[in-house]
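# Descriptive structure summary
What follows is each chain in one-letter form.
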Amino acid sequence: MVDQNVFLIAYIVPLVFGLSLMTKMGDGLAETLSGLNPRASFSRGRHMMGMNFVALTGFVVSVHTTWITFKISEGGNVCSSATVFSCDDVLGNAQYNVDPIFGVSWGLIGMFAFGALLFITNSVSKEPDALWAESYLKYGKFMTGGGILVIALLVSYEVRMGKICQFCTMAHIANVISLFGFWRAGKLHEEGLWNDDESYDFNMKKE
Amino acid sequence: MSDYLTTNWTVGDVDGQWMAIEFMDTDCPYCVRSAGEIGKDANYFMKQIQSHSSHPGVGPWDGPIVNFFASATQLDIQGHETSRSEIEAFRDKSGEESCAGQSCANRDGSPHNFIYIDDIDQDNMKEWKVPGTPAYFLIQPDGIVAWVSTENTQETIFEAIMRLTPEV
């Protein structure tokens, strides 16, 4: 069986990489990435590439947590009171593992949410100058902003249980980074910097 | 449980009775899900039924009797609070108690016909160094632990009994 920490690292790496592409740290990767995608030579392209990485990671983590939730129904693992980090105990706790209104598992909700975010980030990165792009980015900001409330609820559950699901935390971090990405993209629109102007790098302070 | 031990038992002796011990928590979803299968295993290896519905090809059990026990604990997890009446409800599939978010009466399988031990205070669990539930131990007639599920995660208790107990 693959060590859970290997999965964790596999999720942390693309999240950090995606975040770095959205910030000044990504500028150093422009030349390397432009070979893969010409748009990556521009800050806007790298920003959207980073958002795609983060949304995809959030989606994959959500699939993983959904799998853990359904694995419980196969009776394949253990409940443990000895460890704080235990997704089995968090996702297997019938009191908290579904949303309080419709009874849908949180992992499944995460899959739909990140699937929708992935649609937005991928669409906007393909056609960043489309008329709908700015609206889509706003929808993404509202979704991830709403996600913060859901995260607060889920963290309160974890506090009550005295347990932490590390994969759920990865999904929470992906949502927070996505919110940052959508917020920043919105700022660039407001400031008129949402373009592929080679003479201007929006990661640098405007002179 | 010491009544079941045969101190002069030797390997290959089919007369001695074995023991299978399940450490479980009535609010652990894995224990709830495995309750049906462990009930079938117990009935089969305690020779209360002739065939095992999950393993129809194996025929009547002709090996030594394996006595099943459940040590019911309460893990230190929010929502896992239990009581004797909840343990009885889990064992008998009866009552109004809730097990892992559902009625204990609706758990998988039939009522269990083996002994349940009250280990709500976790004494047994700590003594046996059980890291989580469900955990299974297979004990030879002479009291030696022959198999532990936590060290054999790819093998079920059914498979372990079939592999380790002597055939007639």
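Overview of the structure. (Residues numbered from 1 in each chain as written. Chains lettered and ligands numbered in written order. Predicted model: local features only at pLDDT ≥ 70, side-chain atom pairs only at ≥ 80, totals over all residues. Heavy atoms only, no water.)

### Some words on the packing of helix α1 (residues 4–22) of chain A against helix α7 (residues 166–190) of chain A
Residues and elements named next belong to chain A. Where α1 meets α7, the closest approach of the two axes is 11 Å, and the angle between their N-to-C directions is 5°. When the axes of α1 and α7 are compared, the pair comes out roughly parallel. Contacts between α1 and α7 involve Gln 4, Phe 7, Leu 8, Tyr 11, Ile 12, Leu 15, Leu 19 and Met 22 on the former and, on the latter, Gln 166, Phe 167, Met 170, Ile 173, Ala 174, Ile 177, Phe 180, Gly 181 and Arg 184. Broken down by class, the residue content of the contact of α1 with α7 amounts to 13 nonpolar, three polar and one charged. (Axes fitted to C-alpha atoms, helices over the stretch in contact; angles between N-to-C directions. Helix = DSSP H or I, 4+ residues; strand = E, 2+ residues; numbered from the N terminus. Parallel < 35°, antiparallel > 145°, perpendicular 65-115°, else oblique. Contact = heavy atoms within 4.5 Å. Nonpolar A, V, L, I, M, F, W, Y, C, P; charged D, E, K, R; others polar.)

### Here's the deal with helix α2 (residues 84–92) of chain B
Every α-helix carries 3.6 residues per turn, so stepping three or four residues along brings you back to the same face. Residues and elements named next belong to chain B. Considered for burial, the residues of α2 that qualify are Glu 86, Ile 87, Ala 89 and Phe 90. On an axial view of α2, the arc spanned by its buried residues comes to 160°, and they lie on one face. Looking one or two places after α2, you find Lys 93, whose phi comes out positive at around 55°. (Buried < 20%, exposed > 50% of the residue type's maximum accessible area, 1.4 Å probe, protein only. Arc of directions from axis to C-beta.)

### Side note on the side chain of Asn 97 of chain A
As for its position among the elements, Asn 97 of chain A is in the loop between α4 (87–91) and α5 (106–126). Within polar-contact distance, the side chain of Asn 97 of chain A engages the backbone oxygen of Leu 91 of chain A at 2.8 Å. (Polar contact = N/O pair within 3.5 Å; in protein donor to acceptor, adjacent residues only side chain to side chain.)

### Details of the layout of surface pockets
Residues and elements named next belong to chain A. If you add up the space inside the second largest pocket, you get close to 460 Å³. Forming the boundary of the second largest pocket are 26 residues, of which Trp 106, Gly 110, Val 150, Leu 154 and His 172 lie nearest the centre. Of all the elements in the fold, those that place two or more residues in the lining of the second largest pocket are α3 (43–72), α4, α5, α6 (133–161) and α7. Residue contributions to the lining of the second largest pocket peak at nine residues, all from α6. The residue makeup of the lining of the second largest pocket, split by class, is 16 nonpolar, nine polar and one charged. (1 Å grid on protein atoms, 1.4 Å probe; cavity = no way out; pocket = protein on both sides within 12 Å on 5 of 7 lines; lining within 4 Å. Points joined across faces, edges and corners; volume = space filled by probe spheres on them.)

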